[in-house]
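# Residue-level structural notes
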Amino acid sequence: MDLFDYMREQNLKQESPLASRMRPVTLDEVVGQQHIVGKDRLLYRAIRADKLSSVIFYGPPGTGKTTLAKVIANTTSAQFLQLNATSSGKKEMEEMIVQAKNNQGMYGKKTILFIDEIHRFHKGQQDYLLPYVEDGTIILIGATTENPYFEVNGALLSRSVIFELHTLSSDDILTLLHRAVSNTEKGLGSYQAVLEEDAAQFLADAANGDARAALTAIELGVMTTERSADGKIHITLDVASECIQKRVVRYDKSGDNHYDTVSAFIKSMRGSDPQAAVYYLARMLYAGEDIRFIARRIMICAAEDVGNADPQALQVAVAASLAAERLGMPEAQIVLSQAVTYVAGAPKSNAACEAIGNAMEVVRTAKTPSVPAHLMDAHYKSGAKLGRGIGYQYAHAYPDHYTAQQYLPKGMEDMVFYRPTDNGYEKQIRAYLAKTEEWRKDGLHG
């Protein structure tokens, strides 16, 4: 490194964005991702022991993929080389491989090649790396925001360990924000900035798990806000909302506004008003509500308020929950909107909900009678010898797959828990149960 390279490196350290300056250099500084870098986890042990094999880091932007690569660079005895697949081609890869061969042949030293956005390399470029990963010329670290099982060469995947990074929590982002504001060496500590708690919480929520977005916003706020009379820079809620270009929505996740909005959301779906339901969905999403919480509310409403009037509503809600969690924001809002409008527009019945409520009340308050002998298990501990299961009538052996036998315990024969309505598909259920009741009274089918 000559003098000019050295000066350039020093200037970059001072003038680079806050998110870059605040990158952890050791494992102990890493925030979040404890499922892979927590103490005694595989990756933690491998980095500590300098025994890393080829890995792929997969996760949303701003979750620490490049950060982990930099931590490895600071802790390993191997030479660390870096490429970005968006701007590099085969020529750059060839140069890196030559350098890695020289390290191995002349100095007996390993080489780690970090490729950011590895999914941007086409199949031929990825194939080029394969033999060098295979023979140990390089230890590959790939980073991608795309599903590696679709975007990365299968042969490379089979020789790598895939680590999925999760979206950072609001608490993780808060930790990074406070660290950045107080750090005098690499952060903003010398500016004597005061980050107000509601502003910090807003930035943590609005960043939606992206540490880079949160740190960029706080840096912009500190650099552009006038000092107050006390000589300090106060980052208020208004300043924070300007810095991240997002309007503040009053939505305290642990307060009345949260519960009021959720209540209105559920009641709008129950009341078959998709316009209101999707509006309250938008309010919750905009304020940074956890999409898993929203998905749970939709599933509950599908079972409790739609029920068997449209059994598919629960299927839609469950599928939306899985899809939303896998996609993450912003795409998850489309999936949730589909589920909300479907549930809100579906015919309603709470008969299934009332049925379990009625049954639970009887179980709670009444003596529990024995299961009818003919319904007992005839196989467990030679139950047939004790008369268990004797006389059971197999429904499918009778016309219409129905036989009029007693299923409820003795003394409960006339109890009714489930009363289907005439709404939607439940009307067909009601008609079928009415027909089986007629068969039972007429002594037909058994």
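Residues numbered from 1 in each chain as written. Predicted model: local features only at pLDDT ≥ 70, side-chain atom pairs only at ≥ 80, totals over all residues. Heavy atoms only, no water.

## Notes on the UniProt feature "domain: AAA+ ATPase" (unreviewed entry) in the chain
How we decide: UniProt positions are given in the numbering used here, feature names are shortened, and annotations may be inferred rather than shown by experiment. We count a stretch as a helix when DSSP gives it H or I for four or more residues in a row; a strand needs E for two or more, and each element gets its number in order from the N terminus.
Here the UniProt feature "domain: AAA+ ATPase" (unreviewed entry) sits at residues 51-171. For residues 51-171, the helix share is 43%, the strand share is 21%, and the end-to-end C-alpha distance is 31 Å.

## Details of the pattern of salt bridges
Basically, it comes down to this: Any Lys or Arg side-chain nitrogen found within 4 Å of a carboxyl oxygen on Asp or Glu counts as a salt bridge. For the exposure calls, accessible area comes from a 1.4 Å probe over protein chains only, and a residue counts as buried if that area is under 20% of its type's maximum, exposed if over 50%, partly exposed in between.
If you walk through the whole model with that rule in mind, you get 9 salt bridges. Across the pair Glu134 and Arg159 runs a salt bridge whose closest N-O atoms are separated by 2.2 Å. Placement of Glu134 in helix α7 (residues 123-134) and of Arg159 in the loop between α9 (154-158) and β5 (161-164) is noted, with a sequence separation of 25 residues between them. The exposure class of Glu134 is partly exposed, given its relative accessible area of 49%. Look at Arg159 and you get partly exposed, because its relative accessible area is 37%. For Asp422, the salt bridge is made with Arg430, and the minimal N-O distance between the two is 3.5 Å. Relative accessible area serves as the criterion here: at 49%, Asp422 is assigned to the partly exposed category.

## Quick notes on unusual backbone geometry
Cis geometry is found at the peptide bond from Met329 to Pro330, where omega equals 10°. Mapped onto the secondary structure, Pro330 falls in the loop between α17 (312-327) and α18 (332-345). Here the phi dihedral of Gln33 falls at roughly 60°; this positive angle occurs in a residue that is not glycine. For Gln33, a relative accessible area of 7% translates into the label buried. Of note, Asp50 is a non-glycine position whose phi angle comes to about 55°, a positive value. Along the chain, Asp50 turns up in the loop between α4 (42-48) and β1 (55-58).

## Digging into the domain arrangement of the chain
A common measure of how large an interface is: the accessible area buried when the components associate. Put simply, the rule reads: Where each domain starts and ends follows an automatic or database-derived domain assignment.
Here the chain is partitioned into domain 1 (33-164), domain 2 (255-348) and domain 3 (375-442). Just the C-alpha atoms count here: the centres of domain 1 and domain 2 sit 40 Å apart.

## A short note on the packing of aromatic side chains
Which entries qualify depends on this criterion: Ring geometry is summarised as follows: Phe, Tyr and Trp rings, the Trp one being its six-membered ring, pair when their centres sit within 6.5 Å, and such pairs are stacked at plane angles under 30 degrees, edge-to-face over 60 and tilted between the two.
Scanning the model with the defined rule gives 5 aromatic pairs in all. Between Phe57 and Phe163 the ring centres are 6.3 Å apart and the planes differ by 45°, which places this aromatic pair in the tilted class. With Phe57 in strand β1 and Phe163 in strand β5, this residue pair connects regions lying 106 residues apart in the sequence. By relative accessible area, Phe57 is classed as buried at 0%. Using a relative accessible area of 9% as the deciding quantity, one classes Phe163 as buried. Ring centres of Tyr402 and Trp439 lie 5.5 Å apart, and the angle between their planes is 45°; on these two criteria the pair is classed as tilted. Here the residue Tyr402 occupies a position in the loop between α19 (351-365) and α20 (426-442), and Trp439 occupies one in helix α20, the gap between them amounting to 37 residues.

## Some words on the nonpolar core
Stated formally: In these notes, a set of buried Ala, Val, Leu, Ile, Met, Phe, Trp, Tyr and Cys residues joined through side-chain atoms within 4.5 Å is what counts as a nonpolar core. In this description, contact between two residues means that some pair of their heavy atoms is separated by no more than 4.5 Å.
Ranked by size, the top nonpolar core spans 34 residues in total, and within it Leu195, Leu203 and Ile218 carry the most contacts. Those elements giving two or more residues to this core turn out to be α2 (18-21), α10 (170-182), β6 (193-195), α11 (197-206), α12 (211-224), β7 (233-235) and α13 (237-243). The residues contacting Ile218, other than those within four sequence positions of it, are Leu18, Leu177, Val181, Leu188, Leu195, Leu203 and Ile235.

## Brief notes about the packing of α10 against α11
Filter applied, for reference: Note on geometry: axes are lines fitted to C-alpha atoms, helical ones only across the stretch in contact, with angles between N-to-C directions running from 0 to 180 degrees. Angular relationships are summarised with four words: roughly parallel below 35 degrees, roughly antiparallel beyond 145, roughly perpendicular across 65 to 115, and oblique for the angles in between. Two helices crossing with the near one rotated counterclockwise from the far one by less than a right angle form a left-handed crossing, whereas a clockwise rotation gives a right-handed crossing. For this classification, the nonpolar set comprises Ala, Val, Leu, Ile, Met, Phe, Trp, Tyr, Cys and Pro, the charged set comprises Asp, Glu, Lys and Arg, and every other residue, Gly included, is treated as polar.
Relative to each other, α10 and α11 sit at 125°, their axes nearing to 8 Å. Of the possible angle classes, the one that applies to α10 and α11 is oblique. In this structure, the crossing between α10 and α11 has a hand that is right-handed. Across from Ser170, Ile173, Leu174, Leu177 and His178 in α10, the residues of α11 making contact are Glu197, Ala200, Gln201, Leu203, Ala204 and Asp205. Its residues placed into classes, the contact of α10 with α11 shows 6 nonpolar, 3 polar and 2 charged.

## Concerning helix α16 (residues 291-306)
This is how it is decided: Multiplying one less than the number of residues by 1.5 Å gives the expected span of a helix. Contacts described as polar in this section are N or O atom pairs within 3.5 Å, which, within protein, must combine one atom able to donate a hydrogen with one able to accept it, while residues neighboring in sequence count only if both atoms come from side chains.
Here α16 is 16 residues long and its end C-alpha atoms lie 21 Å apart, about the 22 Å a rise of 1.5 Å per residue gives. Ile291, Phe293, Ile294, Ala295, Ile298, Cys301, Ala302, Asp305 and Val306 are the residues of α16 that are buried. Its side-chain oxygen 2.9 Å from the backbone nitrogen of Arg292, Asp290 forms the N-cap of α16. Looking one or two residues beyond α16, the residue adopting positive phi is Gly307, at roughly 55°.

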